[in-house]
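Topology and contacts: notes
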Amino acid sequence: MSHKMKRKTRTSFGATAPPFIDYLKDILRRYPDGGQILKELIQNADDAQATKVVFIHDERSYGTESLCTDGLGKYQGPALYACNNAAFTDDDWDGIQATGRSVKRNDPNKVGRFGLGFNSVYHITDVPSIFSSGYLGLMDPQEKLFGKGSGGFLWSFDDAEDQETLMTLHDQFQPFRDILSLVSSQEWSEVITEDQHFDGTIFRFPLRNEASEISDNLYDSGKVVQLFDSFIADADLSLLFLKNVTSVSLIHINTDNSVNIKLEVSSSSSTDVILESGEQSVVETSTSFKYITLSSEDHKERKWLVTTCCMKEGNVEKLDSLAEKLCFIPQVDLAFPYGQMVDCTDGRLSCFLPLPNNESNKTGLPVYVNACFGLTDNRRYIKWQEEDQKHDEAALWNELLIKEVLPQAYVMMIQDAIKLARESILPVSSVYDIWPDVAQIQHRDKWYTVALDVLHWLFRENVAVLSLAKDETKFVTPSEAVFPCNGSTSPQILAAIKRTLVSCGENLVTLPDCVVKAIKEAYPDHSTLRHVTPPFLRDILHRIGVHNICKEDKLCLLEYILSDRKYKDLRGLQLLPLTDGTFRLFTDKEEDTALIDSCEFPRELLPFCKHLFIPDELSTACSTHLRDLATKNLFKVINIDKDRVTEYARRYLPEDWDQTMTKHVTWDIGSTQHAPSDWLQGFWKFLNTHFKKLSSFTGMPLIPIEPIEDVRQPVLLARLQQNITLIFQKSKTTSLPDHIAQLVNKVGGTVVRGDEWFKHEDLDSYVLCPSPSSVMKVLVNLDSQHVIRELKTLSQRDREKLKDYLSCLDSVSSNEKDLLSKLPLFQTMTGLCVAAQSKQAVLLNSGLKMPTDLPMPDSVVQCATEADRRLLQLLNIKLMDTAQAAIHLIDCIEKGACKKEDTEKIMTWILQNGNVLFSQNQTLKSKCKDLSFIEMNGELKKTSSFFDPRVETFKVLFESDFFPSTVYTQTQQMIESLVEIGLLSKEMQVAPSHLLHAATLIDKLQVDSEKEAAKRAQALLRMLDANDLLSKFSQQELHCLRTLKWVPCAQPANHKKQGTNKSQERCLFCPDEVRLSEYDDIVGYVMPLIGKLTDKVNSKLGLNRLPPPEKVIENLEVLKSKAQTMDDADTNVDFKRKLYSIYKHMQDHISEFAKLMSSNTRWLWDCNKFVSTQDLVLNYPPNLDLSSYIGKVPSEFLPFKTLLEKLGLRTLRSDEEIVGILYSIKQNIDRRQHAFASSSEIKASIEILNWLWREKKRVSGDIPVPVITESGQFTLKPLSETVFCDISKHGLKELKYSQEVQVVHEEIPKATAEWLNIPFLSTRILSPELVGIEQCGQSEPITMRIKNILKEYDEESDIFKELIQNAEDAGAEVCKFLVDFREHKEPPESLIDPDMTICQGPCLWAYNNEEFTPQDWENIVRVGAASKENKVEKTGKFGLGFNTVYHITDVLSILSGKSLLILDPNVTHLKKHIKHKTNPGIKLDLSQQ
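Residues numbered from 1 in each chain as written. Predicted model: local features only at pLDDT ≥ 70, side-chain atom pairs only at ≥ 80, totals over all residues. Heavy atoms only, no water.

A short note on the overall build of the protein
Of the regular secondary structure elements, the protein holds 51 helices and 52 strands. Of all 1489 residues assigned to the protein, the portion counted as buried reaches 48%. Long-range pairs, those at least 24 residues apart, make up 65% of the contacts in the protein between residues at least 6 apart in sequence. Per element, the accessible surface of the protein, about 75,300 Å² overall, is 48% carbon and sulfur. (Helix = DSSP H or I, 4+ residues; strand = E, 2+ residues; numbered from the N terminus. Buried < 20%, exposed > 50% of the residue type's maximum accessible area, 1.4 Å probe, protein only. Contact = heavy atoms within 4.5 Å. Areas by Shrake-Rupley, 256 points an atom, 1.4 Å probe, with all protein chains shown as cover.)

Here's the deal with the sheet that holds strand S23 (residues 665–667)
Read from one edge of the open sheet, three strands run S23-S25-S24, paired in antiparallel fashion. The sheet terminates laterally at S23 and strand S24 (701–704), the two strands that pair on one side only. Taken over all neighbouring pairs, the strand axes of this sheet differ in orientation by 55° on average, direction set aside. Each of S23, S24 and strand S25 (715–719) touches helix H20 (residues 679–690); the most contacted strand, S24, lies at about 105° to it. (Pairing = 2+ DSSP bridges. Axes fitted to C-alpha atoms, helices over the stretch in contact; angles between N-to-C directions.)

Some thoughts on the packing of aromatic side chains
Within this structure, the stated rule accounts for 48 aromatic pairs. Ring centres 6.1 Å apart and planes at 80° place the aromatic pair Trp384 and Trp447 in the edge-to-face group. Here Trp384 is found in the loop between strand S14 (368–371) and helix H11 (393–422), whereas its partner Trp447 is found in helix H13 (residues 445–460), with 63 residues between them in sequence. By the burial criterion, Trp384 is buried, and Trp447 matches it. Ring geometry for Tyr1143 and Trp1163: centres 5.3 Å apart, planes at 85°, overall edge-to-face. On the criterion of sequence distance, the pair formed by Tyr1143 in helix H40 (residues 1133–1148) and Trp1163 in the loop between helix H41 (1150–1154) and strand S39 (1164–1165) is long-range, its members being 20 residues apart. This pair shows no difference in class: Tyr1143 is buried, exactly as Trp1163 is. Feature note: the residues Phe131, Phe146, Phe153, Trp155, Phe157, Phe173, Phe176, Trp188 and Phe198 constitute an aromatic cluster, connected by ring pairs. Positioned over the ring face of Phe1170 is Lys1120, at 5.9 Å from the centre of the ring. For the cation-ring pair, Lys1256 lies above Trp1315, with the distance from its terminal atom to the ring centre recorded as 5.6 Å. (Phe/Tyr/Trp six-rings, centres within 6.5 Å; stacked < 30°, edge-to-face > 60°. Lys NZ or Arg CZ within 6 Å of the ring centre and 35° of its normal.)

Remarks on the pattern of salt bridges
Two side chains carrying opposite charge are able to pair once their charged atoms lie near each other. Tallied over the full model, the rule gives 50 salt bridges. We note a salt bridge from Arg603 to Asp597, for which the minimum N-O separation is 2.9 Å. A residue is classified by how much of its surface remains accessible, and Asp597, at 12% relative accessible area, is buried. In this structure, the salt-bridge partner of Asp1072 is Arg1105, at a minimum N-O distance of 3.8 Å. Residue Asp1072 is located in the loop between strand S36 (1066–1069) and strand S37 (1075–1076), and its partner Arg1105 is located in the loop between helix H38 (1095–1101) and helix H39 (1109–1123); the two are separated by 33 residues in the primary sequence. Take Asp1072: its relative accessible area is 37%, and that puts it in the partly exposed class. (Salt bridge = Lys/Arg side-chain N within 4 Å of Asp/Glu carboxyl O.)

Thoughts on empty space enclosed by the protein
Counting across every chain of the model gives seven cavities of 30 Å³ or more. Roughly 110 Å³ of internal volume is contained in the largest cavity. Forming the boundary of the largest cavity are 14 residues, of which Gln76, Ser129, Leu138, Gln172 and Arg204 lie nearest the centre. Considering every element that reaches the lining of the largest cavity, the biggest residue donor is helix H6 (residues 170–183), with four residues. (1 Å grid on protein atoms, 1.4 Å probe; cavity = no way out; pocket = protein on both sides within 12 Å on 5 of 7 lines; lining within 4 Å. Points joined across faces, edges and corners; volume = space filled by probe spheres on them.)

Overview of the layout of surface pockets
In this structure, the second largest pocket spans a volume of roughly 1,500 Å³. What lines the second largest pocket is a set of 47 residues, among which Leu1404, Trp1405, Ala1406, Leu1452 and Ser1453 lie closest to the centre. For the lining of the second largest pocket, the secondary structure elements donating two or more residues are helix H50 (1358–1370), strand S48 (1375–1380), strand S49 (1403–1408), strand S50 (1452–1456) and strand S51 (1459–1463). Classifying every residue of the lining of the second largest pocket by side-chain character gives 29 nonpolar, 10 polar and eight charged. (Nonpolar A, V, L, I, M, F, W, Y, C, P; charged D, E, K, R; others polar.)

Re a negative patch on the surface
The grouping of Asp158, Asp159, Glu161 and Glu164 at the surface amounts to a negative patch. With respect to the secondary-structure elements, Asp158 resides in the loop between strand S5 (152–156) and helix H5 (160–168). We classify Asp158 as exposed; its relative accessible area is 55%. (Patch = residues over 30% accessible without salt bridge, like charges linked within 9 Å, V, L, I, M, F, W, Y side chains within 5 Å. Lys, Arg positive; Asp, Glu negative; His and termini not counted. Charge placed at Lys NZ, Arg CZ, Asp CG, Glu CD.)

Details of the nonpolar core
Judged by nonpolar contacts, the single largest core of 131 residues is most densely connected at Phe55, Trp435, Leu466 and Ile519. With 15 residues, H11 is the single largest residue contributor to this core. Counting residues in hydrophobic clusters, the runner-up holds 76 residues, among them Leu1076, Met1087, Tyr1143 and Val1193. (Core = buried A, V, L, I, M, F, W, Y, C linked by side-chain atoms within 4.5 Å.)

Here you go:
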């Protein structure tokens, strides 16, 4: 033996395998939930060579009466089914049980059948089942349905017992019956009993409706719909690259059995057109058409061109070696959707089924790529040779496919598409759509490289890949083609160029952008290619001429050949367009002149030259180039400017507008010889923009006298002349009145009624603006005598209008002032019209007209209008208003010059018009305020000594001496005027002395006239509430007011006399006796209350003070007495509200009430009576009812917890206090003569103990527990002295025990006893430690479990062999077996554990004549330990083989020597004695007594 072998054996160490459930969870984490699940199932069906797949979402639920096991009931609800028309093989049945170990690993034609991917169904279900070929299998990875160690069950169709099960358990297999009838023509009974074979496969996945050990992902109908929707998104791609499956359907079955086909997608291949590669090629390729049809709400068909390319062996050595090693096929499939609008960059990767639609699986190519790619574990991504995967063979395989095979396939697809296009089978546009768009995939390095490889091959081989514009079925090489224009060129220009070049026989090709970019990017010598350019096209046009080219094409060609700005090369081309539709040559001759207008100088300015302009419908680019050309002075092409407009405007005026004429000219807008209607407006806009002075246009008829309203009527135009006889009737801000305009025209001037657009900064030099000053200028410049004569002929009304207009003059010159002073425009007081010279004037209309019966000087003229006033001021005439005249009259009254009647007459007029006079002159108002003119009791007083008679409150509170005489109160206006000069009209103006006078009068009146006193009291209170009058009071005045009885209130409810009416119940109180009505609920019975007043009134009068605590307590006593008279006070809402309010008030002011209340006072309401705080507790602990022991505060009064605790209420807060109740009850019992507990005490004790168990509260100490005495009564004893009775009552009576047994109350449940560690009576009698029972059971180290898995015994017949082998190894000479069919029916209480009852029936005995050694006892409990593994002479003693006995039993017993061993691996029969489930058994030492 070597030195190494002699070394001491070390502790075992090494990696361990995870439990199967954890392994399954890891699979689910890597295989995400979603449409990938359905794809995996489709892939499995395709590998099985199925042609049809159906997914069914069944929302029905089935019966649970006849099931294999009760646990299967919850899987009878909604489920997802996956059906296909291929039956399981034996390998399939093996493969689906080998989690994560695909049976197709070495089959290159199968990529996913029942490998890791299938396990993604556990996202949906916990119990998948399979119905196929000759079996129905149900998988249970959690091992909950058929027992531990059993991961499912398989029913065979050719087994008689299984047949009976399948035919009789209707509820269990009804889901399969229904789905079978839907997807197959075979009947259930036919499949099970006759054919014993189903030529197809049905998977059933019950939807998970509760979390399990596998997953907490719950699946409802909404998630299945999402699952279907995610598949529908890629449905048209799902069948594209599959080998066998040609149809997939999605079906929904509602709870009412209605079947709805949500989607049916099918594929078909065309056999008419198939293109294949030649034998000399290094690849085998074929190209054909495939049609994908989707039927759902809409019917849609999508056509695909599919090319398959497989690299032949011997061409790429590394690819060949990897293909053999990985069992992959070096084949790439490409698919292109043709005949529809496609996105040239939406190509995706597939591995027989489309990979998830994410960025990493998008290529940016217009084709879809499929191959047997090496995928990541979750089959969502392709492996690439990244930094951490440089030596990954699958990643290298993928790189070789992309580099070696994909370009070959792509080139072949393009070449085959060209062949099909030549035969008009495929549109040429589809050929170009197949080309990669290199601009779109530049950022995708891998696919960009593929695109370049494809293009380089095409161009290197000089393949004819470009379709001719004149015949799309003919293709030429790039070197033979003429390429379209580079850059952005409009479709119209391209079309014109195309027609021109095609007509002259050029090989023009028209290409989409992606092809142009591809040629530019990949063609080896791009500069050698011929492109359409402006020089190229100009040469063509010079050669062929333009006579046969239509007008539209000429304009397009012109725009294009102008684009390079080589204008000199245009000479001699007849392509210069004019407005009349003709084309001129590009020369410098006069007859080839063309004018170009602009926005600044539009052609409308020169209406008589319109035939010389280029068309205005030219494109912007063409017009821009022609304008640029005009600046070069190469040809007779002119950009017009302001000088050109001035020149051509004068030159081309109509002949009948003779410039020597001095009168107006007529513009006939309707004549073709004259300009159109919009010309003049545009011309004036031009003048405003480019000319500050109009002198260049003097003499031209450009001034319209009337607005151009009707284009059918001629318009008079005045010439531009510098004079001042023209005046506008309107301007922006002013206008000339019609009568003034008539006057101007009458005296020889001209009024111009121009349009709004008719304006210019220099126009004032030719036409005056409408204003009084302009009119004065016209009048002054005319013959003055003629003007005066014309004015004399005017009526008084017209003179007033003229005077009104001229009054707007701000100033006048000396000549104008002289003229105005001579005009008879003003009137004296008697109405005579005179000139305003050396006179004064009174303003009669300054708001009030002076009465004629009042004296006024004769030297005053009337200033009756505003026009009079302004003109008189211009003439420096002194003016007086009416108020100034009234001041003079007031001065007369103050001097005593007026009699009483005159005074009343003057003051009545002033008061009647005070609103006007006082607003005009504050001096007049001030004088009236200070004037004592109102007589009262023989004395003249000011208005401030009186109240406004219109205010009702004043009339109620004060006597008549406080109001002015009726002479001055005849009208509302007179009263208003009195108010303005001091009359007291607002309540806020009342003085404290007035209010005290009113309150004193009310206090006196209540004795003699209660009604009048109440009326005045109400008025006084309202006035104080509405106005801040109390703030004017001094403290002394306020004290006086608070001591008077003037506040009206209702009598307190408890003081009302029976039989009195409502009016008699109201009385007057001092404010100190009253509180606000918001205190009604707390003192409403004992104090007078008043409604809500303003805060200031409440504060000043003390109404908002808190009621005295004594009054609140008094009010509570009244409420207590009233509760006694109520039928059901506890349901009386009014009673409860008042009680609640009082409690809240007491709590808010707890310090005041704590001094007045004792803990014995019965003031707290408890359902139907008042109690003290000593009678209740605040609350019970959660989930504990102590109502049988002590009451608790009603929940409605819990908000007053602070008050209750302050006034002595007890609380139960801690667990110690709860347990303390038990001790308190026991003390009360012990103090009694007969130490028995009452029923309420027992009930409370049991409640507390059960509460400790429910709330999982641990207690220390020997707590009292209710027990039954010998007399049948109950009492409380320490827990240590008690036991829980778990035997029959008869057995309890017969029990003779050396010490007294205290049995706990029978209402204490077993769970509570266990929680409190109360020993069981049976355990006390048969204490394991006393009788030699030790914990002994089987355990299962992970290394042993692995060996069990590798060396599993699955035959029941092995039991006898193994037991004989164990006896042989132990050295026994005799081995016997006995089958015992007896049943021992001892009562449960006579057994070591009641659950051992079911183990007392028939059994198998095995005997040998050798005794167990200590090593045997140790090995027997080590599951699968194979302790003789290294002992050559022993082959089976207590190793894995021994455990075959569990084929027939759950509980194993071994008796040898002095020991009895009972093993209960499931811990279901010895629960009382097994302390740890990891050690599931007991061992008894029978030698102990």
